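# Tertiary structure, described
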Amino acid sequence: MIELLHGADAFAVAERVQAMRAAFAAEDAMAELNASVLDGARLTVPELRAAADALPFMGGRRLVVVRGLVGRCSARSGEKNKERRTALANALLAYLPHVPPTTDLVLVEGEIETDNPVAGWLRTAAGRASPADGEANAVVARAFDPPPPERLPAWITARAVGRGGAFAPAASSALAAALAPDGPADLWRVDSEVEKLLTWAGERRVEADDVVRLVAPIDTENVYRLIEALAERDGPAAATLLHTFLSSGEEPISLLSKIARQFHQLAHVRALMDGGVPPSEHARAVGVPPFVARKLATQARRFSAPFLDAALKRLLDIDVGIKTGRTVAVTALDLFVAGVCGTGAAARTR
(Lines give C-alpha, C1' and ligand atoms only; values in the text may rest on other atoms or scores of the structure.)
Protein backbone atom coordinates (compact mmCIF):
# COMPACT_ATOMS: atom_id res chain seq x y z
CA MET A 1 0.00 0.00 0.00
CA ILE A 2 1.09 3.57 -0.70
CA GLU A 3 -0.44 6.15 1.62
CA LEU A 4 -0.15 9.91 1.13
CA LEU A 5 -0.74 11.89 4.33
CA HIS A 6 -0.87 15.64 3.84
CA GLY A 7 -2.49 18.86 4.97
CA ALA A 8 -2.18 21.80 7.31
CA ASP A 9 -3.03 19.71 10.40
CA ALA A 10 0.48 18.47 11.18
CA PHE A 11 -0.76 17.20 14.56
CA ALA A 12 -3.28 14.81 12.99
CA VAL A 13 -0.74 13.69 10.38
CA ALA A 14 1.79 12.92 13.13
CA GLU A 15 -0.81 10.96 15.09
CA ARG A 16 -1.71 8.93 12.00
CA VAL A 17 1.95 8.06 11.41
CA GLN A 18 2.41 7.13 15.07
CA ALA A 19 -0.67 4.89 14.97
CA MET A 20 0.56 3.16 11.80
CA ARG A 21 3.98 2.53 13.32
CA ALA A 22 2.44 1.22 16.55
CA ALA A 23 0.14 -1.15 14.64
CA PHE A 24 3.06 -2.35 12.53
CA ALA A 25 5.18 -2.99 15.62
CA ALA A 26 2.34 -4.95 17.25
CA GLU A 27 1.95 -7.19 14.20
CA ASP A 28 5.61 -7.79 13.31
CA ALA A 29 8.11 -9.22 15.80
CA MET A 30 10.91 -7.97 13.51
CA ALA A 31 9.43 -4.47 13.20
CA GLU A 32 12.70 -2.71 14.08
CA LEU A 33 14.41 -4.38 11.12
CA ASN A 34 11.48 -3.99 8.73
CA ALA A 35 10.70 -0.31 9.30
CA SER A 36 12.53 2.74 7.93
CA VAL A 37 11.96 6.48 8.41
CA LEU A 38 13.60 8.60 5.70
CA ASP A 39 14.17 12.34 5.35
CA GLY A 40 12.72 13.22 1.95
CA ALA A 41 14.39 16.64 1.87
CA ARG A 42 17.57 15.10 0.44
CA LEU A 43 16.40 11.62 -0.54
CA THR A 44 17.02 10.35 -4.07
CA VAL A 45 14.70 7.96 -5.88
CA PRO A 46 17.41 5.22 -6.01
CA GLU A 47 17.70 5.50 -2.22
CA LEU A 48 13.92 5.26 -1.89
CA ARG A 49 13.88 2.24 -4.17
CA ALA A 50 16.59 0.53 -2.14
CA ALA A 51 14.55 0.94 1.06
CA ALA A 52 11.15 0.07 -0.41
CA ASP A 53 12.24 -2.81 -2.64
CA ALA A 54 14.08 -4.67 0.13
CA LEU A 55 12.46 -7.95 1.11
CA PRO A 56 10.98 -8.09 4.63
CA PHE A 57 13.32 -9.78 7.10
CA MET A 58 11.56 -12.78 8.66
CA GLY A 59 8.24 -10.98 8.31
CA GLY A 60 5.47 -10.38 5.85
CA ARG A 61 5.81 -6.63 5.22
CA ARG A 62 8.06 -3.59 5.32
CA LEU A 63 7.05 -0.11 6.49
CA VAL A 64 8.82 2.86 4.90
CA VAL A 65 7.90 6.37 6.07
CA VAL A 66 9.22 9.28 3.99
CA ARG A 67 8.81 12.90 5.05
CA GLY A 68 8.92 15.80 2.61
CA LEU A 69 9.73 14.04 -0.66
CA VAL A 70 6.57 14.67 -2.71
CA GLY A 71 6.51 18.36 -1.78
CA ARG A 72 9.84 18.86 -3.56
CA CYS A 73 7.99 18.38 -6.87
CA SER A 74 5.98 21.63 -6.47
CA ALA A 75 7.13 24.66 -8.42
CA ARG A 76 6.66 27.30 -5.70
CA SER A 77 7.51 25.46 -2.51
CA GLY A 78 9.69 22.61 -3.79
CA GLU A 79 12.95 22.32 -5.70
CA LYS A 80 13.83 25.74 -7.13
CA ASN A 81 15.85 24.27 -9.98
CA LYS A 82 13.30 23.33 -12.63
CA GLU A 83 15.44 20.59 -14.18
CA ARG A 84 16.04 18.88 -10.83
CA ARG A 85 12.37 19.25 -9.88
CA THR A 86 11.19 17.76 -13.17
CA ALA A 87 13.72 14.94 -12.99
CA LEU A 88 12.62 14.06 -9.44
CA ALA A 89 8.93 14.10 -10.38
CA ASN A 90 9.51 11.93 -13.45
CA ALA A 91 11.60 9.44 -11.48
CA LEU A 92 8.93 9.16 -8.78
CA LEU A 93 6.13 8.79 -11.32
CA ALA A 94 8.10 6.00 -12.98
CA TYR A 95 8.78 4.17 -9.72
CA LEU A 96 5.68 4.56 -7.54
CA PRO A 97 3.43 2.27 -9.62
CA HIS A 98 5.96 -0.51 -9.00
CA VAL A 99 6.39 -0.32 -5.23
CA PRO A 100 6.31 -3.98 -4.08
CA PRO A 101 3.04 -5.22 -2.53
CA THR A 102 5.10 -6.29 0.50
CA THR A 103 5.92 -2.65 1.31
CA ASP A 104 3.71 -0.08 2.98
CA LEU A 105 5.10 3.25 1.74
CA VAL A 106 3.88 6.26 3.73
CA LEU A 107 4.53 9.67 2.16
CA VAL A 108 4.19 12.42 4.77
CA GLU A 109 3.74 16.02 3.65
CA GLY A 110 2.41 19.36 4.78
CA GLU A 111 0.22 21.39 2.47
CA ILE A 112 0.81 20.43 -1.18
CA GLU A 113 0.62 22.86 -4.09
CA THR A 114 -2.02 22.09 -6.72
CA ASP A 115 0.64 21.96 -9.45
CA ASN A 116 2.41 18.96 -7.88
CA PRO A 117 2.36 16.17 -10.50
CA VAL A 118 3.26 13.39 -8.09
CA ALA A 119 0.51 14.36 -5.64
CA GLY A 120 -1.88 14.53 -8.58
CA TRP A 121 -1.00 11.00 -9.66
CA LEU A 122 -1.39 9.73 -6.09
CA ARG A 123 -4.83 11.30 -5.72
CA THR A 124 -5.95 9.86 -9.05
CA ALA A 125 -4.64 6.42 -8.15
CA ALA A 126 -6.37 6.65 -4.76
CA GLY A 127 -9.69 7.25 -6.51
CA ARG A 128 -9.57 3.88 -8.25
CA ALA A 129 -11.20 0.87 -6.62
CA SER A 130 -8.16 -1.31 -7.39
CA PRO A 131 -4.67 -0.79 -8.80
CA ALA A 132 -4.49 -0.20 -12.55
CA ASP A 133 -2.52 -2.44 -14.87
CA GLY A 134 1.17 -2.19 -14.06
CA GLU A 135 0.54 -0.90 -10.53
CA ALA A 136 1.65 -3.27 -7.78
CA ASN A 137 0.05 -1.47 -4.85
CA ALA A 138 -3.20 0.17 -3.79
CA VAL A 139 -2.97 3.91 -3.06
CA VAL A 140 -4.66 5.89 -0.28
CA ALA A 141 -4.59 9.71 -0.01
CA ARG A 142 -5.66 11.38 3.21
CA ALA A 143 -5.90 15.15 3.71
CA PHE A 144 -5.88 16.56 7.24
CA ASP A 145 -7.14 20.07 7.95
CA PRO A 146 -7.05 21.58 11.44
CA PRO A 147 -10.37 22.39 13.10
CA PRO A 148 -11.52 25.96 12.42
CA PRO A 149 -11.70 28.16 15.53
CA GLU A 150 -15.44 27.60 15.95
CA ARG A 151 -14.89 23.82 16.03
CA LEU A 152 -11.97 23.85 18.45
CA PRO A 153 -14.14 23.47 21.62
CA ALA A 154 -15.69 20.31 20.14
CA TRP A 155 -12.19 19.05 19.27
CA ILE A 156 -11.10 19.66 22.89
CA THR A 157 -14.15 17.82 24.22
CA ALA A 158 -13.43 14.84 21.96
CA ARG A 159 -9.75 14.74 23.01
CA ALA A 160 -10.80 14.69 26.67
CA VAL A 161 -13.24 11.83 26.05
CA GLY A 162 -10.53 9.96 24.17
CA ARG A 163 -8.28 10.26 27.23
CA GLY A 164 -11.00 8.92 29.49
CA GLY A 165 -12.03 12.27 30.99
CA ALA A 166 -14.54 15.04 30.50
CA PHE A 167 -14.64 18.80 29.95
CA ALA A 168 -17.57 21.02 30.82
CA PRO A 169 -18.71 22.93 27.72
CA ALA A 170 -17.59 26.19 29.30
CA ALA A 171 -14.15 24.70 29.98
CA SER A 172 -13.72 23.66 26.34
CA SER A 173 -14.69 27.15 25.21
CA ALA A 174 -12.37 28.78 27.75
CA LEU A 175 -9.41 26.67 26.67
CA ALA A 176 -10.07 27.41 23.00
CA ALA A 177 -10.29 31.13 23.73
CA ALA A 178 -7.04 31.06 25.70
CA LEU A 179 -4.99 29.13 23.15
CA ALA A 180 -6.48 30.29 19.82
CA PRO A 181 -7.80 33.82 20.35
CA ASP A 182 -7.63 34.92 16.70
CA GLY A 183 -6.59 32.05 14.45
CA PRO A 184 -5.62 28.38 14.11
CA ALA A 185 -4.47 26.69 17.29
CA ASP A 186 -1.19 24.95 18.07
CA LEU A 187 -2.83 21.53 18.53
CA TRP A 188 0.23 20.07 20.25
CA ARG A 189 -0.11 22.65 22.98
CA VAL A 190 -3.89 22.27 23.14
CA ASP A 191 -3.54 18.51 23.57
CA SER A 192 -0.86 18.99 26.22
CA GLU A 193 -3.11 21.39 28.16
CA VAL A 194 -6.03 18.95 27.90
CA GLU A 195 -3.87 16.24 29.47
CA LYS A 196 -2.64 18.61 32.19
CA LEU A 197 -6.17 19.72 33.07
CA LEU A 198 -7.50 16.15 33.18
CA THR A 199 -4.67 15.17 35.53
CA TRP A 200 -5.48 18.15 37.74
CA ALA A 201 -9.20 17.39 37.81
CA GLY A 202 -8.77 13.71 38.63
CA GLU A 203 -12.10 11.89 38.67
CA ARG A 204 -14.26 14.98 38.13
CA ARG A 205 -14.77 16.85 34.89
CA VAL A 206 -12.68 19.91 34.03
CA GLU A 207 -14.44 23.22 34.69
CA ALA A 208 -13.82 26.69 33.30
CA ASP A 209 -12.26 27.79 36.60
CA ASP A 210 -9.59 25.10 36.16
CA VAL A 211 -8.66 26.56 32.79
CA VAL A 212 -8.38 30.08 34.23
CA ARG A 213 -6.22 28.78 37.08
CA LEU A 214 -3.82 26.58 35.12
CA VAL A 215 -3.57 27.82 31.53
CA ALA A 216 -1.64 30.92 30.50
CA PRO A 217 -3.34 32.53 27.48
CA ILE A 218 -1.25 32.91 24.34
CA ASP A 219 0.04 36.45 23.95
CA THR A 220 -0.59 36.75 20.22
CA GLU A 221 0.30 40.44 20.17
CA ASN A 222 3.83 39.61 21.29
CA VAL A 223 4.07 37.01 18.50
CA TYR A 224 3.19 39.76 16.01
CA ARG A 225 5.77 42.04 17.65
CA LEU A 226 8.41 39.32 17.34
CA ILE A 227 7.65 38.84 13.64
CA GLU A 228 7.66 42.62 13.17
CA ALA A 229 11.11 42.81 14.77
CA LEU A 230 12.30 40.07 12.43
CA ALA A 231 10.82 41.95 9.45
CA GLU A 232 12.70 45.08 10.49
CA ARG A 233 15.85 43.02 11.11
CA ASP A 234 15.94 44.47 14.62
CA GLY A 235 18.05 41.75 16.25
CA PRO A 236 18.08 43.13 19.82
CA ALA A 237 14.29 43.59 19.89
CA ALA A 238 13.64 40.14 18.37
CA ALA A 239 16.05 38.46 20.79
CA THR A 240 14.47 40.25 23.75
CA LEU A 241 10.97 39.18 22.75
CA LEU A 242 12.15 35.62 22.12
CA HIS A 243 13.62 35.32 25.59
CA THR A 244 10.64 37.07 27.16
CA PHE A 245 8.53 34.16 25.88
CA LEU A 246 11.03 31.58 27.12
CA SER A 247 11.49 33.16 30.56
CA SER A 248 7.70 33.21 31.03
CA GLY A 249 7.66 29.40 30.78
CA GLU A 250 6.91 29.01 27.07
CA GLU A 251 8.27 25.71 25.79
CA PRO A 252 10.74 26.22 22.92
CA ILE A 253 8.93 23.70 20.67
CA SER A 254 5.63 25.53 21.28
CA LEU A 255 7.22 28.89 20.50
CA LEU A 256 8.77 27.40 17.36
CA SER A 257 5.30 26.25 16.32
CA LYS A 258 3.90 29.77 16.77
CA ILE A 259 6.70 31.32 14.73
CA ALA A 260 6.33 28.69 12.00
CA ARG A 261 2.56 29.18 11.88
CA GLN A 262 3.07 32.92 11.47
CA PHE A 263 5.59 32.42 8.66
CA HIS A 264 3.25 29.93 6.94
CA GLN A 265 0.50 32.54 7.03
CA LEU A 266 2.87 35.25 5.79
CA ALA A 267 3.98 33.02 2.90
CA HIS A 268 0.33 32.34 2.03
CA VAL A 269 -0.57 36.03 2.05
CA ARG A 270 2.59 36.91 0.09
CA ALA A 271 1.57 34.38 -2.58
CA LEU A 272 -1.94 35.85 -2.70
CA MET A 273 -0.54 39.35 -3.07
CA ASP A 274 1.89 38.29 -5.79
CA GLY A 275 -0.94 36.49 -7.57
CA GLY A 276 -3.11 39.61 -7.65
CA VAL A 277 -5.74 38.31 -5.22
CA PRO A 278 -7.62 41.32 -3.78
CA PRO A 279 -7.13 42.05 -0.05
CA SER A 280 -10.82 41.43 0.59
CA GLU A 281 -10.24 37.74 -0.24
CA HIS A 282 -7.20 37.23 2.00
CA ALA A 283 -9.04 36.47 5.24
CA ARG A 284 -11.18 33.74 3.67
CA ALA A 285 -8.24 32.21 1.79
CA VAL A 286 -5.97 32.06 4.86
CA GLY A 287 -8.73 31.19 7.32
CA VAL A 288 -8.26 34.10 9.74
CA PRO A 289 -10.41 37.06 10.81
CA PRO A 290 -10.18 40.16 8.57
CA PHE A 291 -8.18 42.22 11.08
CA VAL A 292 -5.60 39.43 11.30
CA ALA A 293 -5.43 39.26 7.50
CA ARG A 294 -4.71 42.99 7.41
CA LYS A 295 -1.85 42.58 9.90
CA LEU A 296 -0.45 39.69 7.89
CA ALA A 297 -0.59 41.72 4.67
CA THR A 298 1.29 44.57 6.32
CA GLN A 299 4.02 42.20 7.50
CA ALA A 300 4.12 40.15 4.28
CA ARG A 301 5.08 43.27 2.33
CA ARG A 302 8.30 43.33 4.34
CA PHE A 303 9.43 39.91 3.07
CA SER A 304 10.06 38.48 -0.39
CA ALA A 305 8.56 35.12 -1.35
CA PRO A 306 12.03 33.46 -1.65
CA PHE A 307 12.95 34.74 1.80
CA LEU A 308 9.77 33.31 3.34
CA ASP A 309 10.35 29.96 1.62
CA ALA A 310 13.92 29.84 2.99
CA ALA A 311 12.70 30.75 6.49
CA LEU A 312 10.07 28.00 6.43
CA LYS A 313 12.62 25.40 5.35
CA ARG A 314 14.95 26.53 8.14
CA LEU A 315 12.13 26.30 10.70
CA LEU A 316 11.34 22.77 9.48
CA ASP A 317 14.99 21.79 9.88
CA ILE A 318 14.97 23.20 13.43
CA ASP A 319 11.76 21.31 14.27
CA VAL A 320 13.19 18.01 13.03
CA GLY A 321 16.48 18.68 14.82
CA ILE A 322 14.77 19.37 18.15
CA LYS A 323 12.47 16.35 17.93
CA THR A 324 15.33 14.01 17.01
CA GLY A 325 17.64 15.37 19.70
CA ARG A 326 20.21 16.73 17.23
CA THR A 327 19.50 20.38 18.02
CA VAL A 328 19.46 22.40 21.26
CA ALA A 329 16.13 24.20 21.06
CA VAL A 330 17.01 27.60 22.56
CA THR A 331 20.28 27.80 20.64
CA ALA A 332 18.49 26.96 17.38
CA LEU A 333 15.90 29.69 17.98
CA ASP A 334 18.65 32.20 18.78
CA LEU A 335 20.46 31.27 15.57
CA PHE A 336 17.25 31.59 13.56
CA VAL A 337 16.69 35.11 14.87
CA ALA A 338 20.33 35.99 14.18
CA GLY A 339 20.07 34.57 10.66
CA VAL A 340 16.92 36.53 9.82
CA CYS A 341 18.22 39.75 11.33
CA GLY A 342 21.81 39.38 10.14
CA THR A 343 23.52 41.22 7.33
CA GLY A 344 24.92 38.21 5.48
CA ALA A 345 23.19 35.65 3.28
CA ALA A 346 19.85 36.14 4.98
CA ALA A 347 19.76 39.79 4.02
CA ARG A 348 20.72 39.09 0.41
CA THR A 349 17.71 36.76 -0.06
CA ARG A 350 15.21 39.47 0.79
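Residues numbered from 1 in each chain as written. Predicted model: local features only at pLDDT ≥ 70, side-chain atom pairs only at ≥ 80, totals over all residues. Heavy atoms only, no water.

With that out of the way, let us pick up the overall build of the chain. A count of helices and strands for the chain gives 17 helices and five strands. Taking 2.2 N^0.38 as the reference for a compact globule, 350 residues should give roughly 20 Å; the C-alpha atoms of the chain span a radius of gyration of 22 Å, in line with that estimate. For the C-alpha atoms alone, the extent of the chain along its principal axes is close to 55 × 55 × 40 Å. A buried classification covers 45% of the 350 residues belonging to the chain. Counted over contacts in the chain with a minimum sequence separation of 6, partners at least 24 positions apart contribute 73%. Of the roughly 17,100 Å² of accessible surface on the chain, a fraction of 56% belongs to carbon and sulfur atoms. (Helix = DSSP H or I, 4+ residues; strand = E, 2+ residues; numbered from the N terminus. Rg over C-alpha atoms; globule rule 2.2 N^0.38 Å. Buried < 20%, exposed > 50% of the residue type's maximum accessible area, 1.4 Å probe, protein only. Contact = heavy atoms within 4.5 Å. Areas by Shrake-Rupley, 256 points an atom, 1.4 Å probe, with all protein chains shown as cover.)

Looking now at the packing of aromatic side chains. Under the counting rule described, the total for this entry stands at five aromatic pairs. On the basis of an interplanar angle of 85 degrees and a centroid distance of 5.9 Å, the ring pair of Phe-263 and Phe-336 is categorised as edge-to-face. Pair noted here: Phe-263 is in helix 12 (residues 252–274) and Phe-336 is in helix 16 (residues 329–341), with a separation of 73 residues, a long-range link. An aromatic cluster is present here, built from Phe-263, Phe-303, Phe-307 and Phe-336 joined pairwise through their rings. (Phe/Tyr/Trp six-rings, centres within 6.5 Å; stacked < 30°, edge-to-face > 60°.)

All right, on to the pairing of strand 1 (residues 2–6) then. Counting buried positions over the five residues of strand 1 gives five, a clear majority of the element. With burial as the criterion, each face of strand 1 is covered, one bearing Ile-2, Leu-4 and His-6 and the other bearing Glu-3 and Leu-5. When strand 1 meets strand 4 (residues 103–108), the two strands line up parallel, connected through four bridges. Bridge assignment links Glu-3 to a residue of strand 4, and that residue is Val-106. Where strand 1 lies against strand 5 (residues 139–143), five bridges are found, and the strand directions are parallel. Its bridge partner being in strand 5, His-6 is matched across the sheet by Ala-143. (Pairing = 2+ DSSP bridges.)

Now for the confidence of the model for the chain. On average, residues of the chain score 85 in pLDDT, and 94% of them are at 70 or above. For the chain, helix 17 (residues 345–348) is the element with the lowest average pLDDT, namely 36, and helix 6 (residues 152–162) is the one with the highest, namely 95. Taken together, the stretch residues 343–350 has pLDDT below 50 and engages in 14 contacts with residues farther than four places along the chain or on a different chain. (pLDDT = per-residue confidence, 0-100.)

The next thing to look at is the sheet that holds strand 2 (residues 35–39). Strand order across the open sheet formed by five strands is 2-3-4-1-5, with parallel pairing between neighbours. Both edges of this open sheet fall to strand 2 and strand 5, since each of them pairs with a single strand only. When strand polarity is set aside, the average angle formed by the axes of neighbouring strands in this sheet is 15 degrees. Sitting on the sheet, helix 5 (residues 117–126) touches strand 1, strand 4 and strand 5, and the angle it makes with strand 5 is about 110 degrees. (Axes fitted to C-alpha atoms, helices over the stretch in contact; angles between N-to-C directions.)

This paragraph deals with the environment of Ala-12. Inspection of the secondary structure assignment puts Ala-12 in helix 1 (residues 10–27). Sequence spacing of Ala-12 and Arg-302 is 290 residues, and the spatial spacing of their C-alpha atoms is 32 Å.

Before going further, it helps to examine the pattern of salt bridges. Applying the stated criterion across every chain, the model contains 16 salt bridges. Arg-189 is paired through a salt bridge with Glu-193; the nearest N and O atoms lie 3.4 Å apart. Of this pair, Arg-189 and Glu-193 both sit in helix 8 (residues 187–201), separated by four residues, roughly a single helical turn. The same class applies to Arg-189 as to Glu-193, namely buried. Two residues, Arg-270 and Asp-274, come together in a salt bridge whose shortest N-O distance is 2.8 Å. With Arg-270 and Asp-274 both in helix 12 and four residues apart, the pair spans about one turn of that helix. Accessibility expressed as a relative area gives 16% for Arg-270, which makes it buried. With relative accessibility at 47%, the residue Asp-274 sits in the partly exposed group. (Salt bridge = Lys/Arg side-chain N within 4 Å of Asp/Glu carboxyl O.)

This next bit is on the nonpolar core. In terms of nonpolar packing, the biggest core is built from 44 residues, with Leu-230, Ile-259, Phe-263, Leu-266, Phe-303 and Phe-336 touching the most fellow members. When residues of this core are traced back to their parent elements, those giving at least two are helix 10 (220–231), helix 11 (235–247), helix 12, helix 13 (282–286), helix 14 (290–300), helix 15 (305–323) and helix 16. When residues in this core are grouped by element, the largest group, nine residues, is from helix 12. Once residues within four sequence positions are removed from consideration, Leu-266 is found in contact with Ile-227, Leu-296, Gln-299, Ala-300, Phe-303 and Leu-308. (Core = buried A, V, L, I, M, F, W, Y, C linked by side-chain atoms within 4.5 Å.)

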